[in-house]
Amino acid sequence: MSDLAVGILGGAGRMGRALVRAVTEAKGATVIGAVDAPGNPEMGKDLGTLAGIDPLGVTLGGDVRALFEKADVIIDFTIPRVTAENARVAAETGTAYVVGTTGLEPEQQAAIAEAGRRAVVVQAANFSLGVNLTIALTRRLAEVLDDSFDIEIVEMHHRHKVDAPSGTALALGRAAAEGRGVTLEDKADRGRDGITGARKRGDIGFAVLRGGNVAGDHTVVFAADDERIELTHKAGDRIIFARGAVHAALWTAGKSAGYYTMQDVLKL
Ligand code: NAD
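Treat the numbers as computed from the prediction; the structure is a model and nothing was measured.

Its 12 residues place the ends of helix H1 (residues 14–25) 17 Å apart at the C-alpha level, agreeing with the 16 Å of an ideal helix rising 1.5 Å per residue. Within H1, the full set of buried residues consists of Met 15, Gly 16, Ala 18, Leu 19, Val 20, Ala 22 and Val 23. Considering only its buried residues, H1 is in contact with strand S1 (4–9), strand S2 (29–35), helix H2 (47–51), strand S4 (73–76) and helix H9 (239–251).

Spelled out as structure tokens, the structure:
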């Protein structure tokens, strides 16, 4: 069987370059092209060279529609406005579409859901296989353990991160809440400082650390009297998100049109 033809949107970006490496190292997939914003200074350069690997003989281009028409699957890690436009192209061409861009406004998100009516769409705010497994395990543990186990979520990220807690920490909190049959909004305790009073039974607490160049550490603590379970995931490099997205891209082959998440891809 011939390789899956993969097109990358945001090819000159941090994730775009990692994606070129991840597709190249994967079995059964080939990068057939990548597009970045018109006027990007890297335009016309070899994708392998940009990604810090051997030249691939494929260069960075600017024609999004042509790439959608030529590729079996498109992976998009760009910016929200552009992703919403790309989702409309995916709906028109029916090309499988893997979306990693975050920070989408509701109407931009709606364009992605709409594309799922015409094409295979996989979207995740975090494509790391390990994080997705940690989310599923958190849901399962919260299902099994009653609220004599206090749930606390601790995350650490690099000093430049502007939002807190991280989207992944919140996803872990939502999974814990789902497992317990409650909503995170009712149970989250996000800002302890000073005389807070005793911990409320059933709360899901968050603690946030910032410093250095930490790519993303998350720990979910289930603490009861005399025993404690801790689930920890540590991201060392953004290549893990790229590998997860390529895994999702390979998974799209032969699937029917629909909107899917990484939890579907991993059957979690
Ligand atoms: P980046 O700024 O390095 O890359 C974005 C790229 O998109 C840039 O090269 C930019 O020029 C390009 N771009 C802008 N307009 C474009 C257009 N019209 N056509 C094609 N390309 C265009 O950012 P990054 O760190 O690579 O992250 C990109 C996105 O992916 C962000 O939203 C980030 O939050 C998200 N992200 C998601 C995951 C995940 O697992 N889902 C992981 C890491 C990053």
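A grouping of Leu 133, Leu 137 and Leu 268 is seen on the molecular surface, where their side chains present a nonpolar patch of about 250 Å² in accessible area. Take Leu 137: it is sitting in helix H6 (residues 129–144). Leu 137 sits in the partly exposed class, given a relative accessible area of 45%.

One can describe the packing of H1 onto H9 by two numbers: an axis separation of 8 Å at closest approach and a directional angle of 55 degrees. Judged by the inter-axis angle, H1 sits oblique to H9. The hand of the H1/H9 crossing is right-handed. Contacts between H1 and H9 involve Met 15, Ala 18, Leu 19, Arg 21, Ala 22, Val 23 and Glu 25 from the former and Ile 239, Phe 241, Ala 242, Arg 243, Ala 245 and Val 246 from the latter. Tallied by class, the residues present in the contact of H1 with H9 amount to 10 nonpolar, no polar and 3 charged.

What follows concerns the site of the ligand. Surrounding the ligand, one finds 20 residues, the nearest of these being Arg 14, Met 15, Asp 36, Thr 102 and Phe 127. Take Gly 13: an N or O atom from its main chain is 3.2 Å from an oxygen atom of the ligand. Contact distances for the ligand include 3.4 Å between a nitrogen atom and a backbone N or O atom of Ala 37. Summarising the interface, the protein chains cover 77% of the accessible area of the ligand, which totals 860 Å² for the free molecule. When atoms are counted within 2 Å of each cavity's grid points, the one that captures over half of the ligand is the largest pocket. Counted by class, the shell around the ligand contains 10 nonpolar, 8 polar and 2 charged residues.

Attention now goes to the pattern of salt bridges. Tallying each qualifying case throughout the model produces 16 salt bridges. Between Arg 81 and Glu 85 there is a salt bridge whose closest N-O contact spans 3.5 Å. Taken together, the residues span about one helical turn, with Arg 81 and Glu 85 both in helix H4 (residues 80–93) at a distance of 4 residues. On the accessibility criterion, Glu 85 (40% relative accessible area) is partly exposed. Arg 117 is the partner of Glu 114 in a salt bridge, and the nearest nitrogen-oxygen pair spans 3.3 Å. Taken together, the shared-partner salt bridges in this structure form one network comprising Asp 150, Glu 152, Asp 189, Arg 192 and Arg 199.

About the cut-offs
Residues numbered from 1 in each chain as written. Predicted model: local features only at pLDDT ≥ 70, side-chain atom pairs only at ≥ 80, totals over all residues. Heavy atoms only, no water. Helix = DSSP H or I, 4+ residues; strand = E, 2+ residues; numbered from the N terminus. Expected span 1.5 Å × (residues − 1). Buried < 20%, exposed > 50% of the residue type's maximum accessible area, 1.4 Å probe, protein only. Contact = heavy atoms within 4.5 Å. Patch = residues over 30% accessible without salt bridge, like charges linked within 9 Å, V, L, I, M, F, W, Y side chains within 5 Å. Areas by Shrake-Rupley, 256 points an atom, 1.4 Å probe, with all protein chains shown as cover. Salt bridge = Lys/Arg side-chain N within 4 Å of Asp/Glu carboxyl O. Axes fitted to C-alpha atoms, helices over the stretch in contact; angles between N-to-C directions. Parallel < 35°, antiparallel > 145°, perpendicular 65-115°, else oblique. Left-handed = near helix turned anticlockwise from the far one by under 90°. Nonpolar A, V, L, I, M, F, W, Y, C, P; charged D, E, K, R; others polar. Near = heavy atom within 4 Å. Polar contact = N/O pair within 3.5 Å; in protein donor to acceptor, adjacent residues only side chain to side chain. 1 Å grid on protein atoms, 1.4 Å probe; cavity = no way out; pocket = protein on both sides within 12 Å on 5 of 7 lines; lining within 4 Å. Sits in = over half its atoms within 2 Å of the grid points.

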